[in-house]
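Chain and residue survey
Residues per chain are reported as follows:
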Amino acid sequence: MIVKSLYELFAQLSPLLRLMVIITIILAIVVAFLNIYLRILRGQLRQNEQNQLKFKSVYDELIIQYLLGESDPDTSNEEQKIIFNRLNGETTVKFKRVILVSTLIDLHRNITGDLLDKVRKLYDDLGLSHYALKKLKNWHWTTIIHGINELTEMQNREVSGEIDDFISHKRIEIQAAVQLYKANVFGFAGLTFLNDLKGKISEWQQIQLLESIRHSEGQMVPDITEWLHSNNSSVVSFALKLTEIYNLLDVKDSLILLLKHREIGIRIKATSVLAHLGIYECKDILKMCFDRREVIEQVAIVRTVTQFLDLDDLTFFKRLTTHGEFIIRKESIQALEKLERMVVARNRIPKKQAKPDQILQLE
Amino acid sequence: MNIIDTVFYCFQYLLFVYASVIIISYVVLAVVAVIECFEYYKKNEVVNYKNVLSSPFSPSISIIAPSYNEELNIVENVRSLLSNHYSNYDVIIVNDGSKDNSMSKLIDVYALKKVDILIDTQIETKTIRGIYKSTNRSYEKLIIVDKENGGKSDALNAGLNVSTSQYVLCVDVDCVLVEDSLQKIIKPFLESTDRRVIATGGVIRIGNACQIKGGEVMEVNLPKKLIERAQILEYFRSFLLGRMAWSRLDGLLVISGAFGLFDREIVMAAGAYDTKTVGEDMELIVRMRRYMREQKLRYRVSFIPDPLCWTEAPDNHKIFISQRNRWTRGTIETLKKHRKIGFNPSYGSLGLVSYPYWLFFERLAPLIEFMGVIVVIVLAFLGNISWAYFWIFSLLILLFSVLLSSVAILAEELTYHQYKNKGDGLHLVLTAFLEPLFFHPVVVYAAIRGNWDYYLVKNKHWGRMERKGLGQKK
């Protein structure tokens, strides 16, 4: 009866009002649905958080017991089997498996020495690498990244073939994850992808790669000349960072060549790396090309020349005290002050003793 | 039908069309924002931010925080800014001619000593009385600039002059930054390979009832007052839906003055903060975008949904109205100053999408809403109102507003889930229903007052913003 009268009322309305009523009803239904879902979701999130804390502490304890027990084979075999079976049972439930993996990863990050290998072995024995590999076949890119990252954390070398398939994936996020896997697991040897890399490596990714390599100990730095001559400027930039970190003096000629690179960013970086390595030969080249360079590059040049300061630079810096750029004026004045001190020091030393090395010592 | 009836009839349809367009645009923005939020969250869930912390190649950042009469909390606020987990950064506190004892407190507590530093005064500011650094090595990242009073923009400009970093984070001194905020907000700048990121904003949260200890948020609580809760919802909508979507569509016109990271070189090239506007944060972004466009440089203004900064929101109507009045005047000033870009195809989406959107749906919305109320009152007085239309229309708008708030709450729950206490969800939903009825009219009133002041009173002052200090209440 009520429905009928409501419908009659609705039928009497103008088309515009009828449309508005329909939209209002739809909105009301959606709002009601959303708020019910929100209530359920909050309850679930709270429950999940509590469970996560509970299971994490249980797994933490079990894993540590398992790992430490192994060192005493007479007493711990039976106990270990029980723990292993218990953990193995947990891997069949996705929610518990996720917590177990994150517990193992946390532990792996915070321990050193033999225990590291034991954690990796336990991870493999529990078949968790198999689940991580399954993630690589997932349709969603974030799941694939999760899989790759998990295997990266666990330094799993055996799956490198499967992961390599993703090196040219259309999503750069996946490419980045693969690059990190290779750098983490194989160190410098894993950086071969740089030889024919088409896309650019972001500054963020470069930092991540460098940090991954820094953690790989006892490795010889390969010959990076090819990367310094790469057509991909991000590869050159990365190679310059490697040169700076590992003080690679043998690439000196390549660095000097980079002062003529087409990209200003590379030229600036090369200038500062030359200064960092103390390659004196670059000074005259830099001074000669100073006027042809943009202000931002001129700043880098002035800073580098300052590093190799000697009395021959007096005219160069005097000229720059009227430069339009504040930083160049400031650096030049500071350089001139240093030069003045050098002159004073030289004049203090009797002429027959005034050798360049003594002046440098005083300075 | 007489002429008055015709006018009202047309207005009724115009209002419907306007509301429909605004609703559709909000729906589109919400969908885009939710997708962007989830993608960002999923993508960054597994990122190791610690690497950027320890790398010698992390770019330098200066945190610039202007301070005016902040004697009560300045020492703690500075300590909070100094405790960020990032290696290559400094903190520049600009004492903007405070009349209280802020400066002497800072000197005492942080063992400050006046130093001689050559400054490149690229931007004109009020006279700098002195620059101080600490004699204690634990505070070597701290630089205090003591200057004559010139307002927030002038103080920020002084900080920009003093900074030598590649990036500058402009914050309100009383904000509580999350300890890894710098690691997270620098990422968009370093991640982009095809375009230069000129600015990035992060989500600001309201910390009015939160428990704060040692400059860190220990417990997130929902405040009790409707005005505070309504602002929390408003921030959810504005940051998680609005700004995330505009960032994705490359049309973001504002990054909050309370927390934004900028490429210093571009800020300086664009002319830094305008000291003649009260909406300096929006004005700077528009000017930077305009500069990049005019220089034909590829760029991007980015936004990330991580909650990185906690701020104190007004907890009474008087201060709230004063704040919103200022925001309105800031919007008017910016849109007026940069009217050249509006509807101008040579500015691309900035001129054809962002500017018109801000003009019609941010600048004019409160005025149209206010006119709607006047028309309803006149029609009711004349006995000429269609009550069916009125009620259905009001209900539709109310439900849409609740829907939008619910989506924003849902996005928050599915990503960062900050309000964990039992009952908070229900309170937020209740607020979503009450807000359009009791809070939104105040927002409209403040906007009308802003228009009135701008055009008739010519009030160019900042307005009063009393702060009690986060974690100081209760």
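Residues numbered from 1 in each chain as written. Chains lettered and ligands numbered in written order. Predicted model: local features only at pLDDT ≥ 70, side-chain atom pairs only at ≥ 80, totals over all residues. Heavy atoms only, no water.

**Let's talk about the overall build of chain B**
Each helix and strand in chain B was counted, giving 15 helices and 12 strands. Its C-alpha radius of gyration of 23 Å places chain B within 12% of the 23 Å reference for a compact globule of 474 residues. Considered along the principal axes of its C-alpha atoms, chain B spans approximately 80 × 50 × 45 Å. Within chain B, buried positions represent 59% of all 474 residues. Restricting the contact set of chain B to residue pairs at least 6 apart, pairs at least 24 apart contribute 80%. By element, 59% of the accessible surface of chain B is carried by carbon and sulfur atoms, the whole surface being about 19900 Å². Mean positive and mean negative side-chain charge positions of chain B (55 and 48 charges, respectively) differ by 2 Å. (Helix = DSSP H or I, 4+ residues; strand = E, 2+ residues; numbered from the N terminus. Rg over C-alpha atoms; globule rule 2.2 N^0.38 Å. Buried < 20%, exposed > 50% of the residue type's maximum accessible area, 1.4 Å probe, protein only. Contact = heavy atoms within 4.5 Å. Areas by Shrake-Rupley, 256 points an atom, 1.4 Å probe, with all protein chains shown as cover. Lys, Arg positive; Asp, Glu negative; His and termini not counted. Charge placed at Lys NZ, Arg CZ, Asp CG, Glu CD.)

**Thoughts on the environment of glutamine 65 of chain A**
Residue and element names in this part refer to chain A. Residue position: glutamine 65 is located in helix 2 (residues 15-69). Using a relative accessible area of 36% as the deciding quantity, one classes glutamine 65 as partly exposed. Between the alpha carbons of glutamine 65 and leucine 257 there is a distance of 58 Å; along the sequence they are 192 residues apart. Leaving out residues up to four positions away in the same chain, glutamine 65 has contacts with Glu79 and Ile83.

**A few points about the domain arrangement of chain A**
Quite often, the size of an interface is put as the accessible area lost when its parts meet. Residue and element names in this part refer to chain A. Segmentation of chain A into domains returns domain 1 (49-126), domain 2 (221-308) and domain 3 (310-363). At the interface, 13 residues of domain 2 touch 14 residues of domain 3. Between domain 2 and domain 3, the buried area comes to about 1100 Å², and carbon and sulfur atoms account for 61% of it. Considering only the surface of domain 2 that becomes buried against domain 3, Lys287, Val302 and Thr306 emerge as the three largest contributors, covering 38% of it. The tally of links between domain 2 and domain 3 comes to 5 salt bridges. Here lysine 283 ties to aspartate 313 by a salt bridge, and the two come within 2.8 Å at their closest N and O atoms. At the surface where domain 2 touches domain 3, the tally comes to 8 residue pairs in polar contact (both at pLDDT 80 or more). Of all the secondary-structure elements, those providing two or more residues to the side of domain 2 that touches domain 3 are helix 15 (282-289) and helix 16 (295-307). A breakdown of the residues in the side of domain 2 that touches domain 3 according to their chemical character gives 7 nonpolar, 2 polar and 4 charged. (Domains from an automatic or database assignment. Buried area = accessible area lost by both parts, 1.4 Å probe. Salt bridge = Lys/Arg side-chain N within 4 Å of Asp/Glu carboxyl O. Polar contact = N/O pair within 3.5 Å; in protein donor to acceptor, adjacent residues only side chain to side chain. Nonpolar A, V, L, I, M, F, W, Y, C, P; charged D, E, K, R; others polar.)

**A look at the interface of chain B and chain A**
Counting from both sides, the interface comprises 52 residues of chain B and, opposite them, 47 residues of chain A. Both sides of the chain B and chain A interface together cover about 4300 Å² of buried area, and 73% of this is carbon and sulfur. On the surface where chain B and chain A come into contact, there are 3 salt bridges. Put simply, lysine 43 of chain B and glutamate 173 of chain A hold a salt bridge, and the shortest N to O gap is 3.7 Å. For the side of chain B that touches chain A, the secondary structure elements donating two or more residues are helix 1 (3-44), helix 2 (50-54), helix 7 (187-191), helix 14 (387-415) and helix 15 (424-457) of chain B. Among the residues making up the side of chain B that touches chain A, the classes are represented as 29 nonpolar, 11 polar and 12 charged.

**Quick notes on the state of the cysteines**
Under the definition given, this model contains 0 disulfides over all chains. In this structure cysteine 289 of chain A is not part of a disulfide, and its nearest cysteine sulfur, from cysteine 282 of chain A, lies 9.8 Å away. Cysteine cysteine 309 of chain B is unpaired, with the sulfur of cysteine 175 of chain B as its nearest cysteine sulfur at 3.5 Å. Residue cysteine 309 of chain B is classed as buried on the basis of its relative accessible area of 0%. (Disulfide = S-S within 2.5 Å.)

**Quick word on the sheet that holds strand 6 (residues 167-171) of chain B**
Residues and elements named next belong to chain B. Strand order in the open sheet formed by 10 strands is 3-4-5-2-1-6-11-8-12-7, with mixed pairing between adjacent strands. Where the open sheet ends on each side, the last strands, each with one partner, are strand 3 (112-115) and strand 7 (176-177). Of the pairings in the sheet, the one linking strand 3 to strand 4 (residues 128-134) comprises 4 bridges and is antiparallel in character. The partner of lysine 114 across the bridge, within strand 4, is tyrosine 132. The strands touched by helix 4 (residues 102-109) within the sheet are strand 2 (89-96), strand 3, strand 4 and strand 5 (142-147), with strand 5 carrying the most contacts at an inclination of about 155°. (Pairing = 2+ DSSP bridges. Axes fitted to C-alpha atoms, helices over the stretch in contact; angles between N-to-C directions.)

**Quick word on the pattern of salt bridges**
All names here are of chain A. Going through the model one piece at a time under the given rule, you end up with 48 salt bridges over all chains. When the shortest N-O distance is used, the salt bridge between lysine 252 and glutamate 281 registers 2.8 Å. Here lysine 252 is found in helix 13 (residues 252-257), whereas its partner glutamate 281 is found in the loop between helix 14 (264-277) and helix 15, with 29 residues between them in sequence. Residue lysine 252 is classed as partly exposed on the basis of its relative accessible area, which comes to 27%. Note on glutamate 281: relative accessible area 43%, which makes it partly exposed.

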